[in-house]
Each structure stands twice: as C-alpha cells, then as structure tokens.
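# Report on the structure
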Amino acid sequence: MAGGLRVRQRGRLVIVALGPTAGVAAGGLTNLLTATWNWWLFGGLVLITSLASAGTLIALPRGNPPDLAVSPAEDQPPASALRPPSGTRVFTGRSKELRRLATPVPEGDRPGPLLLVIAGMPGTGKTELAISAARALAARYPDGVFWLGLRTYAATESQVTSTAALRTLLNALNVPPDPNATSVSALSRTWKAATTGKKMLIILDDADTAEQIRPLLPAAQGAAILITTRHVLIGIDPDHSITLQPFTRSQAARLAGAILRRTGLNDPQAVAAIAAAFRIPLAIRQMSDLKAANPAHEISATPAGTISDETSAAFARSLAALAKPARLVLRRVAHYPGSLIMAPIAAVLADQQIDDAATLLATLYQRGLLVPDNRTGDGGYRMHDAVRAAALIESGKHDSVKHLAAADRRLFQYTNDTIDAAVLPIDSSASVTYMSTDEDACRVPPPRHDSDVAALRWLDRHHADLLAVTRRCLSARSPQAWRLVHNLEAYQRMRGFYTEIIELNGQALSLAQHANDLLGQAAMHQNLGLVDMRTSNYHAALARFQTSLELYTQAGNQAGQKVAHHELCNVHKWLGNFAQARAHATFCFEASSGDDLSERAFAHSSLGVLDRLEGSYTTAREHLTRAVELFERAGQRRGVGICHRQLGMLDQHLSRYHDAQAHLGKALFLFQELGDLMNQADTHHNLAVVHRGLGALATAHKHATTALALARQISHVQGQADAHSELAQLAQTAGDYTTAHIHLRHALDLHQRLQQAREAEQLNPSPPPERR
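A quick note: this is a predicted structure, and the numbers were derived from the prediction, not measured. (Residues numbered from 1 in each chain as written. Predicted model: local features only at pLDDT ≥ 70, side-chain atom pairs only at ≥ 80, totals over all residues. Heavy atoms only, no water.)

### Considering the overall build of the protein
We apply this condition: Numbering of helices and strands starts at the N terminus; helices are DSSP runs of H or I of at least 4 residues and strands are runs of E of at least 2. Only protein chains enter the calculation, and the probe is 1.4 Å; a residue is then buried if its accessible area is under 20% of its type maximum, exposed if over 50%, and partly exposed in between. By the convention used here, residues are in contact when the closest approach between their heavy atoms is within 4.5 Å. All accessibility values rest on the Shrake-Rupley procedure with a 1.4 Å probe; residue burial counts only the protein chains present in the view.
Counting its secondary structure elements, the protein contains 31 helices and 9 strands. Within the protein, buried positions represent 60% of all 772 residues. For the protein, restricting intrachain contacts to residue pairs at least 6 apart in sequence, the fraction spanning at least 24 positions comes to 73%. Total accessible area on the protein stands at roughly 29200 Å², and carbon and sulfur atoms take up 53% of it.

Okay, structure coming up:
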C-alpha cells in the first residue's frame, strides 16, 4: 500500500510476569529465611512462585525479541562476518615486517593481551600486512580470529562506534544481549568477561585514538590485538610497533613485476617505469593493474611529485583509461556509505542493470581501483579510503546535486526493501513498506532468503552497512527515514544494539514530528516503547503504546492500530491488568483478517493465554489448538512452539503430565532449532515441573539446572527465580533441606529485585512522550 503500514503478524517473544504475585512472594514471605524450616511457608512460596511462573506468558507481536543463539547447523554463524578479508593475490616487499609481527612474544608479566601496531601513511599497505599477519598468526589463536574495520576516516555516518563494535564482537561470541548493559563501559565489562581465558586474535583496522581501542581489549593474556593506524596512538603501549615506509625503488619493481607476471605480461620496461615514478604500494598496484589490462598503454616514468601526490596521480591515470560507464559507477559507489560494494548497490546508485553493474565493478577491480572482499559470501568489493577520496573529488566535477540526490533516494528505497525482505522471515510484524511512484523508483529487487535463520545471518553480515545508509538517510532529512529506522529496529533489538535503536528512533521521531507525519511518529513511539518493555520500564512503555495507538487512529491506519493494541495487551499482562489486556486482545481478535493466517493465529493465541491464566481451560485449549493449526499453515515455527508451550503449561496445571510432556517436548525442539534462549529456559523449567509430577526427579533436576543456566545467560530474572524455586522443591523432595534453603533464598532475592524495580518505576514514572 502506498505510504501505509503493512503488518503480517509474527511472534515476538516477551516474557510477561504476574507483577503483583512476585511482590507478594518477596514482601510476604521473608520470614522463610529463619533458622527453623517452616513447611507451610515453604509451600506458600512454591505456590506463589508457581503462580508467577504460570503468569509467565508469551506476548503477541513485537514485544521482547527472541534471544537468538547460533544454530549449530547454520553454515555461517555471526563470527563469520568478522573473518579477515582474503587480501590481494600478490604480497611482497613486507617480509621483514611480517616476520617481526609473527615472532612469538612470551606472556611474562604482561597484564593483558599482546598488542601489535602497524602504522603508516595511507596506501603503504597496512591492511594488506595485517591480513598476512592474521593468516600467519591464526594457528596460535584457536578461539578465533576476528576482523573489525573501524572506518575512522570514512564519512561520519559510516564510522563504527564503540558500542556498535562491542555489540558486534559479543554477537560473534554468541553472548546474548543484556538490555540493561548498553553503555560502552558496561559492554566492555561484558566483553572482557566473555574473553577471559580465550586465545583469540582481534584485528582493529583503521584506528585513530586510544579511546577507540581500550574498550575493545580482550581480557586474556593469551589473546592478541593487532591495530592498524595512520599515526602513533598516544596512550597505547604496544609489544611490537611497526611503521611502514614507502617502498624503495627495488621493492617497487618487485611488486610491479610480480603483478604483471601473474597476468602473463613480462615487460621490464614497464616495471622500471612504474618503479621510477611510484613508491606507495597502492599506487604501484594501480599502475601495474592498468598496464596488465592495457598492455599497449605507455607508463610514464615521470615521478608524481611528492610521495603524498602519488595516489592522486595514479588515480588520475587509471581514470583516464576508463570508459565513461565505468567512470560513472566509480563516482557513484564512492558515495556509498557502506563498506561492501556489491553489484546491486552499484546498479542502484548508477541506475543501471545488475549485470552491467557487475561487469563494470569487475573492470574497476582489474584497474586496481577496487579490492575483492568475499567475507560475507555474497561477493563484492571494498574501496580504499584514498581511492574513495579521489573519486569523490572527481564526482564533484561531474555529478550534479540533483543526480546525487536521486541516487540517494534510490539507495534509501533499495535499502528499505532489503531490510524488509530480511526482517520479514524473522518478524513479519516489523515490516513497513512503501511504493515509490516517482522517477527515482528502484528497479533492483532485494535479495531473498530461504529461512528465518538465513535471513538473520544475512543481517549479521550486513548490519554495519545498513546502519550507515540509515544514518545517511536521517542526515539527508529524508521523509522516508523513519521507515528504514522502523524496519531495522527489529533486528537491532534482537541483537542488542540498544544504543543505536534509541539514537536512530529519536532522530526519526523528531523528523516525523517536524513534518507532521502521523504514521512516522506512531511507528517511532512504538519502537521506543518496545525498548522500554525490554528494559522493564513498563509504565513508560504503556505511555508510548497509548500515544502510538492515538497517532495510528488519527492517521486512519488500521494495521498500525492492531499492532498498538497487541503491545498494549502485552504491557497490561506485564502489569497484571488482565481486564485491560483482554480488551486489547479482543479488539485484535475481532479485527483480524480472515486471509491473514498469522494474524488470526496470534489473536487466538493471545486469548488462549488469557483464558489459561484466568482459569477458563476449555476455551483456552480451543484457542491455542486453533492457533497451532494456523501457525503451521502459515509456516510460523516460533508461533507453533509458543502455543505448544502454552498447551503444555495448561496440561501441567491439570496434572495431565504425559500430554504436557508431549507439548513441551515439541516446543523445546522448535525453540532449539530457532536458537530462542528465553523460551528454551522457560520450557526447561516447565519440563522440570512435569517430570517431578511424573516422579522422574533426576530428569526434573536436569531440566531445572538447564533452565537456570540459560536464564542466567540472558539475564532473565524471572526465569532464574522460577528455576531456583523448582530446584528448592526438588531438593526438599529428596530431603536435602540445606540445598532447598539455599535455592529458596536465591528465589526470594530475585523476586525482591523484581518487586523493587517495579516499585521504583511506580514512584518515578517516566514523563509521557512528547507529541506534536
């Protein structure tokens, strides 16, 4: 629909606890922790924490995101996006420096990781040396080699912030996001804890200051960090520091000769001319590639002037040999804020067919103006900062503001389409699309993904570039900026990029308010409300969702209204307001489309959960069974798992333990397939209760222990409390009262934490969101 909000409901996981119940557990049973064991009170706490667990439910679309872990079956986990580039085919002239970097350094009394620094002016081959060093050192670091480009000298929107760098590294180690630890210092502490004892190599390419580096240092002595920089880093005391100098004439000749011989060209005169005129490796490569592609081309031996002039001179000569279409593509991709340049991106920016763009990119690579980069598995190229700077100067001479603005508009639409195509398999409720009717309409189709896991991996690999384009869109004050922000938020919250969510959604909200764009304002309030939910700021979330609903209503957008009603249902469940939750769920049920299987499934699921919580077990089973059928028809595996877990909890409550075990087993299998840690933790807890009912205490203990470990891993406080309560019950059943008392104390402490957080929020509620 043009300018509209399209919503195909899909499950977002939110753990919704019975708030008042947890408060009773924490406030009314503190006398449990006495020297005398009180069985009546023990039973009371078990009952109450069981009720709190029963109040734990899965909310409808776009509450908490699933905590997705790496699927063992997936070919490319998040870490694969951080593997080093393949580098150029010919590497010569830096063997002495490479041997020095590869020489083992005893740990001794070193307080932290091994620090290696490669410095040098642009074009001297710092990145290529780092790639070769990483390859030489990899065997010493069995826990992984991780490459992170900081893009310090790129445009502002393209630079990698410390929070984004840390979250990316943590995702590569499969450390689940903690919504309450999002600052640089908090993320750095998590990173150091995650790297303790690990033998890993981190390469930070294109660093500028010590402040960039310090938070990213791993904790282990057995780890190493390799840094490339243009200058000395004040405040960093490296174990090895190498400053690359321009090549000597003989080194330049060896590099030029090796490149030409690799293409079958033996031309000593050309080698001598290149070596006489150029000393910077980047310039030597460009001239050698130019000669290899055009053997008849005469290379002038006239020096370019100063060393700093060489790159510009080499670029000018390469540019002069290019055909007009290749020049256009070069100029346009230089404006791309991302780092990976693929054929669809070039086609969008230059307004060409994908096949033509792919051919022209290959031409630019053959001329030494691009470097191949196959780390993502999607193919593509990257551009050296020096080449980009020269290409932008050339663009300033030939590209009008009008043409560049049109290229940006096409890029923004294509990026929105690609995010939409990747997010839909994971969370279809996050989709916001629009149809462009102007002359800049994008003709390039977005990539498609075979599964939700494949889509997630694609987003892992390309998030940095998508973020850069989104920031460019915001800085251009595009009226479509909020759409990119809205779509990208679903992935960002899933992977823990909370700082970026707040930054982007806040900026997009301001733009939407300035433009009086009701739909944009509604979507941004909705996103910010979801962050409030994730960080347990429920009253703030309630205010955001209410504002979002009002704005969707004013805009006449029914799809958005249903999303807002879903979220209001979620937050009211969190707060224990079941009557209000039911009113919103009923609206969604009555408004659900007969043609939208997922939407109908979620409507049934929501009412089924409420019926279960309120004791209407027959209708609960009817709604949940119908929801399973609809989710299966829609191919929504997470929704199927959610409903099976709810049916298992229903049978558990009715002491139908074998039926409960069957439902919970199906749910656990699906959650493990999807890497959904939060639902895995809660399902393991449910299975522990069921197996205790069946008398299989050893199996119950295994499930409860697993539930506790998973809940701790993702900072799921209610899940930890539930697991400790179940472990206390199991210990009491076995007659181990000391262990039962320990687990009971932990459960009570956790419930007190939950209650204190809620009381603090009620005493200091967030102000209502600003509206215009």
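### Quick look at helix H19 (residues 498-514)
Our working definition: Helix span, as expected, comes to 1.5 Å for every residue beyond the first.
The end-to-end C-alpha distance of H19, which contains 17 residues, comes to 24 Å, matching closely the 24 Å that a straight helix rising 1.5 Å per residue would cover. For H19, every residue scored as buried is listed here: Tyr-498, Glu-500, Ile-501, Leu-504, Asn-505, Ala-508, Leu-509, Leu-511, Ala-512 and Gln-513. Looking at the packing, one finds that the buried side of H19 touches helix H5 (162-172), helix H17 (452-475), helix H18 (481-495), helix H20 (518-534) and helix H21 (538-555).

### Digging into helix H14 (residues 354-366)
The condition that has to hold: What the arc covers is the set of directions going from the helix axis to the C-beta atoms.
Taking 1.5 Å per residue, 13 residues should reach 18 Å; H14 reaches 18 Å between its end C-alpha atoms and fits that length. Buried residues of H14: Ala-357, Leu-360, Leu-361, Thr-363 and Leu-364, and no others. Buried residues along H14 cover an arc of 155° about the axis, so they all sit on one side.

### A look at the packing of helix H13 (residues 343-350) against helix H16 (residues 401-423)
Here is the rule: Only the contacting stretch of a helix is used when fitting its axis, a line to C-alpha atoms as for every element, and angles between N-to-C directions run 0 to 180 degrees. By the definition adopted for this analysis, an angle is roughly parallel if under 35 degrees, roughly antiparallel if over 145, roughly perpendicular if from 65 to 115, and oblique otherwise.
Direction vectors running N to C along H13 and H16 enclose 140°, while the axes themselves pass 7 Å from each other. Taken together, the axes of H13 and H16 lie oblique to each other. Residues Pro-344, Ile-345, Val-348, Leu-349 and Ala-350 of H13 pack against Ala-407, Arg-410, Leu-411 and Tyr-414 of H16.

### Here we look at the side chain of Gln-652
Relative to the elements of secondary structure, Gln-652 occurs in helix H26 (residues 637-653). When residues no more than four places from it in sequence are discounted, the contact partners of Gln-652 are Tyr-657, Ala-660, Asn-686, Val-689 and Val-690.

### Notes on the packing of aromatic side chains
Where we set the bar: When two rings of Phe, Tyr or Trp (its six-membered ring) have centres within 6.5 Å they constitute a pair, described as stacked for plane angles under 30 degrees, edge-to-face for angles over 60, and tilted for the intermediate range. We call a charge positioned above a ring when the Lys NZ or Arg CZ atom is no farther than 6 Å from the ring centre and deviates by at most 35 degrees from the ring normal.
The final tally for this structure, using the stated rule, is 4 aromatic pairs. Taken together, a centroid distance of 4.5 Å and an interplanar angle of 20° make the contact between Tyr-538 and Trp-574 stacked. Residue Tyr-538 is located in helix H21, and its partner Trp-574 is located in helix H22 (residues 558-574); the two are separated by 36 residues in the primary sequence. Of the two residues, Tyr-538 and Trp-574, neither departs from the other in class, the shared state being buried. Between Phe-602 and Phe-631 the ring centres are 4.7 Å apart and the planes differ by 80°, which places this aromatic pair in the edge-to-face class. Of this pair, Phe-602 sits in helix H24 (residues 597-613) while Phe-631 sits in helix H25 (residues 617-634), and the two are 29 residues apart along the sequence. A residue is classified by how much of its surface remains accessible, and Phe-602, at 2% relative accessible area, is buried. The positively charged end of Arg-230 is found above the aromatic ring belonging to Tyr-153, 3.8 Å away from the centroid.

### Focus on the sheet that holds strand E7 (residues 240-244)
Basically, it comes down to this: Two strands are said to pair when DSSP picks up at least two bridges between them.
Spatially, E4-E5-E6-E3-E7 is the arrangement adopted by the 5 strands of the open sheet, whose pairing is parallel. At either margin of the open sheet sits one strand with a lone partner, and together these are strand E4 (145-149) and E7. Ignoring which end each strand starts from, the neighbouring axes of this sheet average 15° apart. Here E4 runs beside strand E5 (residues 201-207); their pairing, made up of 5 bridges, is parallel. The residue of E5 that forms the bridge with Gly-149 is Asp-205.

### A few points about the pattern of salt bridges
The cut-off we apply is this: Salt bridges are defined as contacts in which a side-chain nitrogen from Lys or Arg sits within 4 Å of a carboxyl oxygen from Asp or Glu.
Per the counting criterion, the structure on display carries 27 salt bridges. Taking the shortest distance from any N to any O, the salt bridge between Glu-394 and Lys-397 comes out at 3.9 Å. Of this pair, Glu-394 and Lys-397 are both found in helix H15 (residues 385-398), 3 residues apart, which corresponds to roughly one turn of the helix. Note on Glu-394: relative accessible area 13%, which makes it buried. In this structure, the salt-bridge partner of Arg-638 is Asp-676, at a minimum N-O distance of 3.7 Å.

### Re unusual backbone geometry
Although it is not a glycine, Asp-351 adopts a positive phi angle of roughly 55°. Within the fold, Asp-351 resides in the loop between H13 and H14. In this structure, Arg-477 is a non-glycine residue whose phi angle is positive, near 55°. Secondary-structure assignment places Arg-477 in the loop between H17 and H18.

### A short note on the pairing of E5
For E5, a buried count of 7 out of 7 residues is recorded, marking the element as mostly surrounded by other parts of the structure. Here E5 pairs with strand E6 (residues 224-229) via 5 bridges, running parallel. Bridge pairing links Leu-204 to Ile-227 in E6.

### Describing the confidence of the model for the protein
Where the model shows low pLDDT, its predicted coordinates should not be examined in detail. The following threshold applies: For every residue, the predictor reports its confidence as pLDDT, a number between 0 and 100.
Scored by pLDDT, the protein comes out at a mean of 84, with 84% of its residues at no less than 70. Low pLDDT, under 50, characterises residues 1-42; the predicted model gives this stretch 164 contacts beyond four residues in sequence or across chains. Across residues 432-440 the pLDDT falls below 50, and counting only partners more than four positions away or on other chains, this stretch makes 30 contacts in the model.

### What to know about the environment of Leu-474
The residue Leu-474 is located in helix H17 in this model. Distance from Leu-474 to Leu-511, taken between C-alpha atoms, is 8.2 Å for residues 37 residues apart in sequence. Those residues in contact with Leu-474 that sit more than four places away from it in its chain are Ala-481, Val-485, Leu-504, Gln-507, Ala-508 and Leu-511.

### Thoughts on the packing of H24 against H26
Rules: Handedness of a crossing follows from how the near helix is turned relative to the far one, being left-handed for an anticlockwise turn of less than a right angle and right-handed for a clockwise one. Residue classes follow a fixed rule: Ala, Val, Leu, Ile, Met, Phe, Trp, Tyr, Cys and Pro count as nonpolar, while Asp, Glu, Lys and Arg count as charged, and any other residue, Gly among them, counts as polar.
As a packed pair, H24 and H26 sit with axes 11 Å apart at the nearest point and diverge in direction by 20°. On the basis of their axis angle, the class for H24 and H26 is roughly parallel. Judged by the twist between their axes, the crossing of H24 over H26 is left-handed. Counting all contacts with H24, which are made through Ser-605, Val-609 and Arg-612, the residues of H26 involved are Ile-642, Cys-643, Gln-646, Met-649 and Leu-650. Each residue belonging to the contact of H24 with H26 can be placed in one class, and the counts come to 5 nonpolar, 2 polar and 1 charged.

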